[in-house]
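# Chains, contacts and geometry: an overview
The chain contents come next:
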Amino acid sequence: MNKKMIVYILGKMLGIEGLLLLIPGIVSILYGENKSAVAFFITSMILSLLYLIFVRKKPRETGIYAKEGFVIVALAWILWSAFGSIPFVISGSIPNYIDAFFETVSGFTTTGATVLNDIESLSQGMLFWRSFTHWIGGMGVLVFVLAFIPLTDKRSMHLMRAEVPGPTVDKLVPKVRSTAKILYGIYIILSVVLTILLMCGGMSLFDSLIHMFGTAGTGGFSNRSASIGYYNSAYIEAVITVFMILFGINFNMFYFILIKKFTTLFKSEEVRVYLGIIIFSTLAIAFNILSIYETPLKAFRYAVFQVASIITTTGYATADFDLWPQFSKSILLAIMVIGACAGSTGGGTKVSRLIILIKTVKQEIKHILHPKSVGIVRIDKKRVDDDTIRGVYIYFIAYTFIFILSVILISIQNFDFSTTFSAVLTCLNNVGPGVAGVGPTQSFYNFSIFSKLVLCFNMLAGRLELFPFLIMFSPNLWRRKF
């Protein structure tokens, strides 16, 4: 294992985070929040010092392989969260470090779960940083850095494969850094358009940026305790609904639109299934909650927003869906697991994995009925190779194991089953709100330190598709000869 290169890249990563912390520091100065500004600048100085220590000399051997890629990605997310928590503690915004760590992990992983009961009490600078972590983490912290700074000259594709969500990761162009630039270019353009549209709806520039960060990163942090429901605006809800759905689509599709390959988007089986699930879930829930709202249009308005928010794992809310009928809540919990498309900023197990799983089950049933038949799983008329299918199987096995173990560990706190179950489900799938004690109007404040650390593991493991985190616990990884 190339340990020197791992330390070198992580040192660069910490330096980048130090620079990023200057942005909310400047925001704090603009709003006259000196205490918050000092907290950001102190943390930035600490990270700058670490950068100078670990990036003094570039290693002779710069090549990295898959194992180094997994280690770098996992440690980068842990370190960014660990240091990103410090401003909350120094400023006194979130005095308890574990609470601050939970909030920051939730931000970077775009989960949106919070320990705060009074969000408006935070300074503007802290609110900005809290939501800015969504935007950075949405496309991935390594992809963010790769788009602007070369981390390694050799095999940097291993970094993207370890971080970008989905069964497979493809380069749009031959060079990985160019792919990262294209992805972030699309990300920035969509973000700017969304910000402008929100301002047209009456939001201030600050509020528009906060909710752009949460929508683009599919994170869901708001600077309002009532979330998007605070604005009570059909226009704002419609804009955010559309963009949540857009950010839940594989970003490769937007690239194909840019190069005028429109048929690729329309032929994408994953996109069709993704939109189909949204349409079906919206209509089913709207019909189910008709008796709660005055008109069918209002029922549809609340249903489509909550469906888009949950399936894309954004976590914004305009209604307390914990008060809805059990049928509607069951649908929301189901699409919470499914999540968005591979290669998007959304979480969950991904629509592409669901398609592969269903098709392999169909092929197995066909094989049982016709033993001599040869089954081939195809998506978009392309054969899915055996390694990818095997990866999907193993992913769901690992997902189930982690989920069950986490529920058992959280149950030690003796909350009701709905709270325990949905807390793990929402964190492992990077959604944010659950039901019962962790519903849209509740927080994770009452969870113990142990439970919060378990849920932090769930958020990080879920965001990194499990294996970059699981491999960290493998004794073979840390042996001298590997």
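Our subject in this report is the structure included herewith. (Residues numbered from 1 in each chain as written. Predicted model: local features only at pLDDT ≥ 70, side-chain atom pairs only at ≥ 80, totals over all residues. Heavy atoms only, no water.)

On to unusual backbone geometry, then. The backbone of threonine 110 sits at a positive phi, close to 60°, despite the residue not being glycine. Inspection of the secondary structure puts threonine 110 in the loop between helix H6 (97–108) and helix H7 (124–139). Given a relative accessible area of 1%, threonine 110 falls into the buried group. You will see that threonine 218, though not glycine, has its phi angle at about 45°, which is positive. (Helix = DSSP H or I, 4+ residues; strand = E, 2+ residues; numbered from the N terminus. Buried < 20%, exposed > 50% of the residue type's maximum accessible area, 1.4 Å probe, protein only.)

Where helix H15 (residues 269–288) meets helix H16 (residues 296–311), the closest approach of the two axes is 8 Å, and the angle between their N-to-C directions is 140°. Between H15 and H16, the interaxial angle falls into the category oblique. Crossing of H15 over H16 shows right-handed handedness. Only Ala299, Phe300, Ala303, Val304, Val307 and Ile311 of H16 make contact with H15, whose side of the interface consists of Tyr274, Ile277, Ile278, Ser281, Thr282, Ile285 and Ala286. Looking at the contact of H15 with H16 residue by residue, the classes come out as 11 nonpolar, two polar and no charged. (Axes fitted to C-alpha atoms, helices over the stretch in contact; angles between N-to-C directions. Parallel < 35°, antiparallel > 145°, perpendicular 65-115°, else oblique. Left-handed = near helix turned anticlockwise from the far one by under 90°. Contact = heavy atoms within 4.5 Å. Nonpolar A, V, L, I, M, F, W, Y, C, P; charged D, E, K, R; others polar.)

The final tally for this structure, using the stated rule, is 30 aromatic pairs. Measuring from centroid to centroid gives 5.9 Å for phenylalanine 457 and phenylalanine 469, while their planes differ by 70°, and the two rings are edge-to-face. Here the residue phenylalanine 457 occupies a position in helix H21 (residues 449–463), and phenylalanine 469 occupies one in helix H22 (residues 467–470), the gap between them amounting to 12 residues. Since its relative accessible area comes to 6%, phenylalanine 469 is described here as buried. (Phe/Tyr/Trp six-rings, centres within 6.5 Å; stacked < 30°, edge-to-face > 60°.)

Let's shift gears to the pattern of salt bridges. If you walk through the whole model with that rule in mind, you get nine salt bridges. The partner of arginine 224 in a salt bridge is aspartate 207, and the shortest N-O contact between them spans 3.0 Å. Taken as a pair, arginine 224 in the loop between helix H11 (205–216) and helix H12 (234–247) and aspartate 207 in helix H11 lie far apart in primary sequence, 17 residues in all. A relative accessible area of 7% places aspartate 207 in the buried class. A salt bridge links lysine 329 to aspartate 322; the nearest nitrogen and oxygen atoms lie 3.7 Å apart. With relative accessibility at 13%, the residue lysine 329 sits in the buried group. Beyond isolated ion pairs, a larger network of salt bridges with shared partners links Lys350, Arg353 and Glu465. (Salt bridge = Lys/Arg side-chain N within 4 Å of Asp/Glu carboxyl O.)

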